[in-house]
Amino acid sequence: MGYWDLPEGTDCVEKTWITTKVATALGLVGSAYHIVAFQPDSAVAALQRATNTTVTMATMGAIFGMATCLSAQAREAPDDPLNYFIGGCASGIFLGARTHSAMTGTSACLGLGTLAFFTKVGKMEGWKLAGPPKL
């Protein structure tokens, strides 16, 4: 089952597991590109950089999945896009704490929360980013 196949506000563990897996994959791909673009001095430094990036992304995915699902349950509004803003903002706050920067946390909170909000709105309204043209 995919993330969008599960009803909002239910099966929080499964939804969190899915978002964690996706974020881990993105972290691995991103760290691979970063290592190629900015080559480290040693293999240990490369492994350390890849691990740091991947674990951070996996944690952000887990925080997003759990915060989104729990806010849907707590607010008793499962299809409200605000739940996604809360999840994205929680992930952004973690990123700020990870970097020891309030500005990074604030910016990431607003940026990721807004992105998640509009992702949910787009899913609800059937927005398409790509596909065959309508004639």
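Scroll up to find the structure.
Rules used in this analysis
- Residues numbered from 1 in each chain as written.
- Predicted model: local features only at pLDDT ≥ 70, side-chain atom pairs only at ≥ 80, totals over all residues.
- Heavy atoms only, no water.
- Helix = DSSP H or I, 4+ residues; strand = E, 2+ residues; numbered from the N terminus.
- Buried < 20%, exposed > 50% of the residue type's maximum accessible area, 1.4 Å probe, protein only.
- Contact = heavy atoms within 4.5 Å.
- Areas by Shrake-Rupley, 256 points an atom, 1.4 Å probe, with all protein chains shown as cover.
- Expected span 1.5 Å × (residues − 1).
- Phe/Tyr/Trp six-rings, centres within 6.5 Å; stacked < 30°, edge-to-face > 60°.
- Salt bridge = Lys/Arg side-chain N within 4 Å of Asp/Glu carboxyl O.
- Axes fitted to C-alpha atoms, helices over the stretch in contact; angles between N-to-C directions.
- Parallel < 35°, antiparallel > 145°, perpendicular 65-115°, else oblique.
- Left-handed = near helix turned anticlockwise from the far one by under 90°.
- Nonpolar A, V, L, I, M, F, W, Y, C, P; charged D, E, K, R; others polar.

Once that is clear, we can look at the overall build of the protein chain. Secondary structure assignment for the protein chain yields four helices and zero strands. Each helix (α) and strand (β) of the protein chain, taken in turn from the N terminus, gives the series α-α-α-α. Dimensions along the principal axes, computed over C-alpha positions, put the protein chain at roughly 50 × 40 × 30 Å. Counting every position in the protein chain, which comprises 135 residues, the buried fraction comes to 33%. Taking the intrachain contacts of the protein chain between residues at least 6 apart in sequence as the baseline, contacts between residues at least 24 apart amount to 60%. For the protein chain, the accessible area works out to roughly 8500 Å², and carbon and sulfur atoms hold 69% of it.

With 33 residues, helix H2 (residues 43–75) should cover 48 Å at 1.5 Å per step; its first-to-last C-alpha distance of 47 Å lies within 8% of that length. One or two residues past the end of H2 sits Glu76, with phi positive at roughly 55 degrees.

A few words now on the packing of aromatic side chains. If you walk through the whole model with that rule in mind, you get five aromatic pairs. With centroids separated by 5.4 Å and ring planes inclined at 90 degrees, the aromatic side chains of Tyr3 and Trp4 adopt a geometry described as edge-to-face. Between the aromatic rings of Trp4 and Tyr84, the centroid separation amounts to 5.9 Å while the plane-to-plane angle is 5 degrees, which identifies the pairing as stacked. With Trp4 in the segment before helix H1 (12–37) and Tyr84 in helix H3 (residues 82–99), the pair connects residues that are 80 residues apart, well separated along the chain. Site record: aromatic cluster; members linked through ring pairs are Tyr3, Trp4, Phe64 and Tyr84.

Moving on, we come to the pattern of salt bridges. In the structure shown here, the tally under the stated rule is four salt bridges. We note a salt bridge from Lys15 to Glu8, for which the minimum N-O separation is 3.7 Å. Its relative accessible area of 1% is what places Lys15 among the buried residues. A residue is classified by how much of its surface remains accessible, and Glu8, at 11% relative accessible area, is buried.

The next subject is the packing of H1 against H2. At a minimum axis distance of 7 Å, the contact between H1 and H2 shows a crossing angle of 155 degrees. With respect to H2, the axis of H1 lies roughly antiparallel. The handedness of the crossing between H1 and H2 comes out as right-handed. When grouped by side-chain class, the residues that make up the contact of H1 with H2 number 14 nonpolar, 12 polar and one charged.

Counting through the fold element by element, Lys128 comes out in the segment after helix H4 (102–125). With relative accessibility at 70%, the residue Lys128 sits in the exposed group. For the pair formed by Lys128 and Val29, sequence separation is 99 residues and the distance between their alpha carbons is 25 Å.

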